[in-house]
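Structural overview
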Amino acid sequence: MKPRIAIIGAGFGGIAAAIALRARGHDDITILEKGNDVGGVWRENTYPGAACDVPSPLYSYSFAPNPHWPHRFSRQPAILDYIRQVADHYDLRRHLRLGSEVTSATYDQAGGTWHIELDGGESLTADILIPAVGQLSRPAFANIPGRETFGGVSFHSAQWRHDVDLTGRRVAVIGTGASVVQFVPEVARQAGALTVFQRSAPYLLPRPDRRFSARHAAVFERLPVTELAERATWYAVIESLTVAWLYSAPLARTIRAISRRHMRRQAQAKPGLFEQVWPDYPIGCKRALFSNDYLPALTQPHVELVTDAITAITPAGVVTDDGREHRADVLIWGTGFTATEFLAPIDIRRSDGHRLADDWRGGAHAYYGMAVPGFPNLQIMYGPNTNTGGGSVIYFLEAQAQHVADYVDHVARTGVPHAVRPEVEAAVDDEVQTRLAGSVWTQCSSWYRQADGRIPTNWPGLSREYRRRAAFDPADYEPVPLTVA
Ligand SMILES: Cc1cc2nc3c(=O)[nH]c(=O)nc-3n(C[C@H](O)[C@H](O)[C@H](O)COP(=O)(O)OP(=O)(O)OC[C@H]3O[C@@H](n4cnc5c(N)ncnc54)[C@H](O)[C@@H]3O)c2cc1C
């Protein structure tokens, strides 16, 4: 059988899956992308200062090293260029259907096919469905009374309004997550007054960034082993964060001490600032961030960090629980993404009417994030419990892409739809949740957790354990006979 394959999303995940499938000779691939280009979060997040938090030689595909990274921590335009070049190099454009938002996908149990509907009313049929819609592609807003009443301009950091000139304006920023830490120094350069509202502070670590010179690029190009060595070194460094968070209290204490020294030094120009920004939860509970310019930005006289809780948004600004109204012309939501709502709002169901959302009412779960019992020929990229609290998500995506390619080979060979065995998926999920229940990630509230505390986002171990365990094993899947219509 020659399967027809539909991939939803053209970020790092969808592109990795398409490349792996093409390498196995599968060519009937359609990549449905709601945006106007490849790139995923790197197409959407154009805020000033946007950059990766994992060094580029590691935050890139192992099979597509790039000797020309401009920086060790490359900025968004360079990362977007890289994804575009990879898509061109692997001749993926011919598979792309841009401007195509998938609204629902129904598995036809009699035909063994997926019926996919797009927002424009069009539809298509595929044998295999691969959602690769990411965990961080839908902006989240804090539910604050009066949110709609703000009289100035407001926008989310993932939908940056480049047409809004911030020069001399009073800007309010809600949130202190990874994006905010990157854009606040840039906004502080322009704004007349900047107020940053913090609910919970991140741990900051020194950012060992550097510009890669032309000579550096030439060495990487002529001696690829040097770039491999840089990648391997950063793999070890970044992975040691996960070791610290999950396995080694002494290493976590050491990293915390490094963070404390760095933050104390960087905050010293403003009395009282360090006390405001030093976190009150164990290190590792939220992603620790690399930054050398966020705290110095907060020390500037026209920048204020407010730690009082926000009680309302008014037409004029933001009100905190001490009764103060902080007036603002521009309000920027740095409130992250709806990470725990997997695959939403796509309605995934079977022809008997059963919905995936019903199975996931208590929280999303899937076999190594990829396969769901009762939903044949569905393979999810960056699905539940495949995020990393320290490492590179791309490493996980590559492991998933191999699993997907092996799975598709298996289905093509047997000619029969397959679904993961329910008892296998349940056992993996039980183990993952048990390990997570004892992890540092339960010690604070973060985007890793649902409102009830469950953690549907993170993998509970090292990335190489994930890669080893998520390798395709046909014994974990079962053939699913077609029902008689
Ligand atoms: C600002 C930012 C910085 C980050 N930095 C790092 C980092 O340094 N290191 C790291 O490991 N990770 C980082 N991440 C996490 C990042 O999400 C992953 O590294 C990776 O880019 C995920 O790729 P993806 O393809 O799975 O998802 P995405 O990049 O989110 O791509 C999903 C794609 O699916 C499309 N899509 C969604 N729904 C539909 C639909 N219904 N129909 C059609 N198309 C749809 C979207 O338009 C998008 O193009 C960062 C995330 C953000 C937001």
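**Overview of the overall build of the chain**
Regarding its fold elements, the chain presents 13 helices and 20 strands. For 485 residues, the compact-globule estimate of 2.2 N^0.38 gives 23 Å, and the C-alpha radius of gyration of the chain, at 23 Å, lies within 12% of that figure. On the principal axes, the C-alpha backbone points of the chain span a range of 70 × 55 × 45 Å. Out of the 485 residues in the chain, the part that is buried amounts to 56%. In the chain, of all internal contacts separated by at least 6 residues, the share reaching a separation of at least 24 is 72%. Put simply, the chain shows about 19,800 Å² of open surface, and 52% of that area lies on carbon and sulfur atoms. A distance of 7 Å separates the average location of the 49 positive side-chain charges in the chain from that of its 51 negative side-chain charges.

**Things to note about the nonpolar core**
With 117 residues, the main nonpolar core has I7, F12, I15, L194 and L298 as its most contacted residues. For this core, the element with the highest residue contribution is helix α11 (residues 393–414), accounting for twelve residues. When residues are assigned to domains, this core turns out to be shared by domain 1 (5–38 + 92–138 + 338–479) and domain 2 (147–333), each giving three or more. Those residues in contact with L194, other than ones at most four positions away along the chain, are V171, V173, V184, V187, A188, H302, V303 and E304.

**Some thoughts on the sheet that holds strand β16 (residues 325–327)**
The pairing of strands in a sheet comes from backbone hydrogen bonds and takes either a parallel or an antiparallel form. In spatial order, the strands read β14-β15-β16; together these three strands make up an open sheet with antiparallel pairing. Of all the strands in the sheet, just β14 (310–313) and β16 have a single pairing partner and so form its edges. Here the strands of the sheet are splayed against their neighbours by 25° on average, with no regard to which way each runs. Sheet topology places β14 next to strand β15 (residues 317–320); three bridges connect them, and they run antiparallel. What sits directly across from A312, in β15, is V319.

**Notes on the sheet that holds strand β6 (residues 123–126)**
With mixed pairing, the four strands of this open sheet are ordered in space as β6-β5-β4-β18. Across the chains shown, the open sheet's two edge strands, defined by having one partner strand only, are β6 and β18 (347–350). Ignoring strand direction, the axes of neighbouring strands in this sheet form an average angle of 15°. Bridge count between strand β4 (residues 102–108) and strand β5 (residues 113–118): six bridges; the pairing is antiparallel. Pairing of A105 across the sheet is with I116, part of β5.

**As for the domain arrangement of the chain**
Accessible area lost during the coming together of the parts is what is often quoted as the interface size. Here the chain is partitioned into domain 1 (5–38 + 92–138 + 338–479) and domain 2 (147–333). Just the C-alpha atoms count here: the centres of domain 1 and domain 2 sit 30 Å apart. Facing 21 residues of domain 1, the contacting portion of domain 2 comprises 17 residues. Surface buried jointly by domain 1 and domain 2 totals about 1,600 Å² across both partners, of which 57% is contributed by carbon and sulfur atoms. Of all residues in domain 1, the largest losses of buried area upon contact with domain 2 belong to G390, V440 and L462, amounting jointly to 30% of the total for that side. Where domain 1 packs against domain 2, one counts zero salt bridges. Our enumeration of links across domain 1 and domain 2 arrives at eight residue pairs in polar contact (both at pLDDT 80 or more).

**Some details on the side chain of H418**
Here H418 lies in strand β19 (residues 418–420). What makes H418 buried here is its relative accessible area of 5%. Discounting residues that sit within four places of it in the chain, H418 has contacts with P376, N377, Y407, H410, V411, Y477, E478, P479 and V480.

Reading guide: rules and limits
Numbers given to residues run from 1 along each chain, matching the order in which its sequence is written. Selection of residues for local features in this predicted model requires a pLDDT of at least 70, selection of side-chain atom pairs for listing and counting requires 80 or more, and totals for whole chains, interfaces and linings are taken over all residues. Just so you know, side-chain values use all the structure's heavy atoms and leave hydrogens and water out. For the purposes of this entry, the term helix denotes a DSSP run of H or I that reaches at least four residues, the term strand denotes a run of E that reaches at least two, and both are numbered from the N terminus. A radius of gyration in this sense is built from C-alpha atoms; the matching globule rule multiplies 2.2 Å by the number of residues raised to 0.38. Partly exposed residues are those whose accessible area sits between 20% and 50% of the maximum for their type, while under 20% is buried and over 50% is exposed, using a 1.4 Å probe and protein chains only. Pairs of residues are marked as contacts when any of their non-hydrogen atoms sit within 4.5 Å. Accessible surface is estimated by sampling points in the Shrake-Rupley manner with a 1.4 Å probe; for residues, cover comes only from the protein chains shown. Here the positive residues are Lys and Arg and the negative ones are Asp and Glu; neither His nor the chain ends is included. Here the site of a charge means NZ on Lys, CZ on Arg, CG on Asp, or CD on Glu. Nonpolar core, defined: a set of buried Ala, Val, Leu, Ile, Met, Phe, Trp, Tyr and Cys residues in which side-chain atoms within 4.5 Å join the residues together. Domain limits in this description derive from either an automatic procedure or a database domain assignment. When DSSP finds two or more bridges between two strands, those strands count as paired. A fitted line through C-alpha atoms represents every axis, and for helices the fit uses only the stretch in contact; the resulting angles, taken between N-to-C directions, go from 0 to 180 degrees. Here the quantity called buried area is the accessible surface, traced with a 1.4 Å probe, that two parts lose on coming together, added over both. For salt bridges, the criterion is a side-chain nitrogen of Lys or Arg within 4 Å of an Asp or Glu carboxyl oxygen. Definition of a polar contact: a pair of N or O atoms within 3.5 Å, with one able to donate and the other able to accept a hydrogen when the atoms are protein atoms, and with sequence-neighbouring residues admitted only if both atoms are side-chain atoms.

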